[in-house]
Amino acid sequence: MSKLIGVAQRYIDTTEDSAGILSSVSFKNTDHFNFAYDIVDELAKKSPDRLALLHVSDDGREHRFTFRDVVRYTNMTANYFSYLGIQKGDKVMLVLKRHFQFWFSLLALHKIGAVAIPATNLLTRKDFEYRFKTAGVDAIVCTADGDVSREVDKAAHNNPNVRIKIMVGGARKTWHCFNKDIRYFSTRFNKPEDFSGGDDIMLMFFTSGTTSYPKLTAHNYRYPLGHYVTAKYWHQVDPDGLHLAISDTGWAKAVWGKIYGQWLCEAPIFVFDFDQFDAKEILRMIEKYKLTTFCAPPTVYRVLVHMKLEDYDLSSLQNVTTAGEALNPKIFEKFKSKTGLDIMEGFGQTETTMIIGNVKGMIPKQGSMGKPNPQYKIALMRPDGTLADVGEEGEVVINTEKDVPPGLFKEYFRDEEKTNACWYDGYYHTGDTAYQDREGYYWYVGRVDDVIKSAGYRVGPFEIENEIMKLPYVLECAVTSVPDSLRGQAIKATIVLADGEEGDEHLKNDIVKYLKENVASYKWPKIVDFAKELPKTFSGKVRRAEIKKEDWEEAEEEQEQEKEEILNESSYNEDNH
């Protein structure tokens, strides 16, 4: 494995303890930092023939891009976008699935100084309308696949600010054709004298929207530097290997695993541009291309552990990671028994890079998020603003009294109220709760909004979900609160059974009996319900808030109905006296 000595060292200093575990991170020369100019262009000078990106299309076609290739195509794209009228400060939405044009477009916008807004191709007209209005989108670069461009057209009809539409992989009336037009532009791009960098807004992502409308998270040009630790110490990318992150380019997780940290570590990226997720195909890719590092959400590992992994040669894999939702310990255990690999869990948000993780040199604990990333000052805070003790639940917060480290977002765009609601008194509040054990490992409890307050106890859903997931016939579950006249709130478990099975009263009784034997009495669900599927965000996160809202609204309707019946009965009795 080649030693990581490269252009990133001009901007980042790290130290490790005697066991090789990361102990400190510091940053320098960031006032005008621009990833496209300062990292990618420099890598093309230093190692022009080094593989940067190996892209495999859905039909198996390969595209290999060196760092020289990436810069050439990025410059052509920047010249093309400038010709069409995209300027510094413009907001440009990228809806490009896993097409290789995403990398050229993103870097081109960094060079121009326009703000990139990646988005998923699963959005509909209403989703685009909300995003166009919230972000003030000026232009869009969109895949030709499916109906997404038609949904864009419908949304843009009432949003005249969207003045430039560029299509990748096809052509339609009123759209510019990227693939055809790009050929006519120079491979050299003149760096503007007033180029963007440092604290300027570079990139914006809409959050998953698990509890409300998606918020628009704005990141500055220092943000990519925050992913160095993500890639080197969590993913543990190999400069002579290949890294695959499953996420499509519409989500913040894509830039965690598909560009910034990996190229800061001078490691090549593998991209499989699939339409439908097929676990067997992913395993074949790992085997064929000898992938060395792999990152996927827990839902993917839930599928993988039920497959015959011994039928595939996965010996090239050196490290595997997961984030997005808390990982069930049973999945960790099953995957390790089949592959010998620990799944290294990490935790972060659209607003951050990885802030807590199981990193290089650590022995992961099943079900733990790991330990704090030293580039952030992490603490656990009680509701009264004091810091929690070891073993005590608290909200995960980041201390920003002295400085704001690269990787932490700048603001919720054009929304001072939402920004101030989570960032005040020198702390950024993540909205996620956890506790710390005596060895410094953090254990996820749930979102602040998900915590259930029942009969004076605070109950996090994750512990109960973990226990339910140990049952072999359970595919997934969500634990939420329901109103209860005696306790204030009671606990409900909504369960999806494996293989499309349907539950009955006998199975409910079995589950309740199992939980009574394995969790404390105040954590027993009052209600066990079966569902064919759980409501989820576009990114696959369970929308517990939707389940909870439906139950609470139903309870309110029942209460109103009871009141009405009592009033009607009272009126009837009065009329008959």
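Rules used throughout
- Residues numbered from 1 in each chain as written.
- Predicted model: local features only at pLDDT ≥ 70, side-chain atom pairs only at ≥ 80, totals over all residues.
- Heavy atoms only, no water.
- Helix = DSSP H or I, 4+ residues; strand = E, 2+ residues; numbered from the N terminus.
- Buried < 20%, exposed > 50% of the residue type's maximum accessible area, 1.4 Å probe, protein only.
- Polar contact = N/O pair within 3.5 Å; in protein donor to acceptor, adjacent residues only side chain to side chain.
- Salt bridge = Lys/Arg side-chain N within 4 Å of Asp/Glu carboxyl O.
- Pairing = 2+ DSSP bridges.
- Axes fitted to C-alpha atoms, helices over the stretch in contact; angles between N-to-C directions.
- Contact = heavy atoms within 4.5 Å.
- Expected span 1.5 Å × (residues − 1).
- Arc of directions from axis to C-beta.
- Phe/Tyr/Trp six-rings, centres within 6.5 Å; stacked < 30°, edge-to-face > 60°.
- Lys NZ or Arg CZ within 6 Å of the ring centre and 35° of its normal.

A. View of the environment of D238. Here D238 shows up in the loop between helix 7 (227–235) and strand 12 (243–245). With a relative accessible area of 8%, D238 lands in the buried category. The spatial distance from the C-alpha of D238 to the C-alpha of Q262 is 8.9 Å, given a sequence separation of 24 residues. Among the polar contacts listed, one links the side chain of D238 to the side chain of Q318, at a separation of 3.2 Å.

B. Examining unusual backbone geometry more closely. Unusually for a residue other than glycine, T174 sits at a positive phi of about 75°. Looking at where T174 falls in the secondary structure, it is placed in the loop between strand 8 (164–168) and strand 9 (176–177). With a phi close to 60°, D499 is a non-glycine residue in the positive phi region. By the secondary structure assignment, D499 is in the loop between strand 28 (488–497) and helix 15 (505–518).

C. Representation of the pattern of salt bridges in the model. Applying the stated criterion across every chain, the model contains 41 salt bridges. Across the pair E42 and K45 runs a salt bridge, and its minimum N-O distance is 3.2 Å. Residue E42 and its partner K45 are located together in helix 1 (residues 35–46), separated by three residues, close to a single helical turn. A relative accessible area of 19% places E42 in the buried class. Assessed through its relative accessible area of 61%, K45 is described here as exposed. Salt bridges sharing partners connect three or more residues here, namely D31, D199, R222 and K410.

D. Local environment of the sheet that holds strand 29 (residues 527–530). As summarised here, the arrangement of the three strands in space is 27-28-29, forming an open sheet in which the pairing is mixed. Each having just a single partner strand, strand 27 (474–484) and strand 29 make up the two edges of the open sheet. Averaged over all neighbouring strand pairs, the angle between strand axes comes to 25°, with direction disregarded. Relative to strand 29, strand 28 is paired through four bridges, and the arrangement is parallel. Bridge pairing in strand 29 places A493 opposite V528. On top of the sheet, helix 14 (residues 461–469) reaches strand 27 and strand 28; it is set at about 140° to strand 27, its chief contact. Strands in contact with helix 15 are strand 28 and strand 29; relative to strand 29, the strand with the most contacts, it is inclined by about 130°.

E. Inspection of the pairing of strand 24 (residues 442–447) at higher detail. Within strand 24, five of the six residues are buried, leaving the element largely enclosed by the surrounding structure. In the sheet, strand 23 (residues 427–436) pairs with strand 24 via five bridges, with the strands oriented antiparallel. The partner of A434 across the bridge, within strand 24, is Y444. Two successive antiparallel strands, strand 23 and strand 24, enclose a turn made up of five residues, where G440 displays a positive phi of approximately 90°.

F. Structural view of the sheet that holds strand 15 (residues 319–322). Taken in spatial order, the nine strands of this open sheet run 4-3-13-12-14-15-16-17-18, and their pairing is mixed. Two strands in the sheet have a free side with no partner beyond their single neighbour: strand 4 (62–66) and strand 18 (371–372). Summarising the sheet, strand 12 and strand 14 (residues 293–295) pair through three bridges and their orientation is parallel. By the bridge assignment for strand 14, H243 is matched with T293. The sheet strands contacting helix 2 (residues 67–84) are strand 3 (51–57) and strand 4, and the helix crosses strand 4 at an angle near 90°.

G. Molecular detail of the environment of A555. By secondary structure assignment, the location of A555 is in helix 16 (residues 544–575). Considering only alpha carbons, one finds A555 and A379, 176 residues apart in sequence, at a separation of 37 Å.

H. Spatial organisation of helix 15. Taking 1.5 Å per residue, 14 residues should reach 20 Å; helix 15 reaches 20 Å between its end C-alpha atoms and fits that length. All of the buried residues along helix 15 are L507, I511, Y514 and L515. All buried residues of helix 15 fall inside an arc of 95° around its axis, so they share one side. Opposite its buried face, helix 15 presents the exposed residues E505, H506, K513 and E517, each directed more than 90 degrees away. Residues of helix 15 that are buried make contact with helix 14, strand 28 and strand 29. Between the side-chain oxygen of the N-cap and the backbone nitrogen of H506 there are 3.2 Å, and the N-cap of helix 15 in question is D504.

I. View of the environment of Q489. By the secondary structure assignment, Q489 is in strand 28. Each C-alpha atom of the pair Q489 and A296 lies 35 Å from the other, and the pair is 193 residues apart in sequence. Those residues within four positions of Q489 in sequence are excluded, and the remaining contacts are V451, I452, K453, S454, S481, V482, D484 and W552.

J. The arrangement of the packing of aromatic side chains in detail. The tally for this structure, following the rule as stated, stands at 30 aromatic pairs. A ring pair is formed by F294 and Y301, whose centres lie 6.0 Å apart and whose planes are at 75°; its orientation type is edge-to-face. This pair shows no difference in class: F294 is buried, exactly as Y301 is. The structure contains a cluster of three or more aromatic residues connected by ring pairs, namely Y80, F81, Y83, F178 and F185. For the cation-ring pair, K191 lies above Y37, with the distance from its terminal atom to the ring centre recorded as 4.8 Å. Against the face of F195 rests K191, its NZ or CZ located 4.2 Å from the ring centre.

Interpretation in functional terms is not warranted from these geometric data alone.
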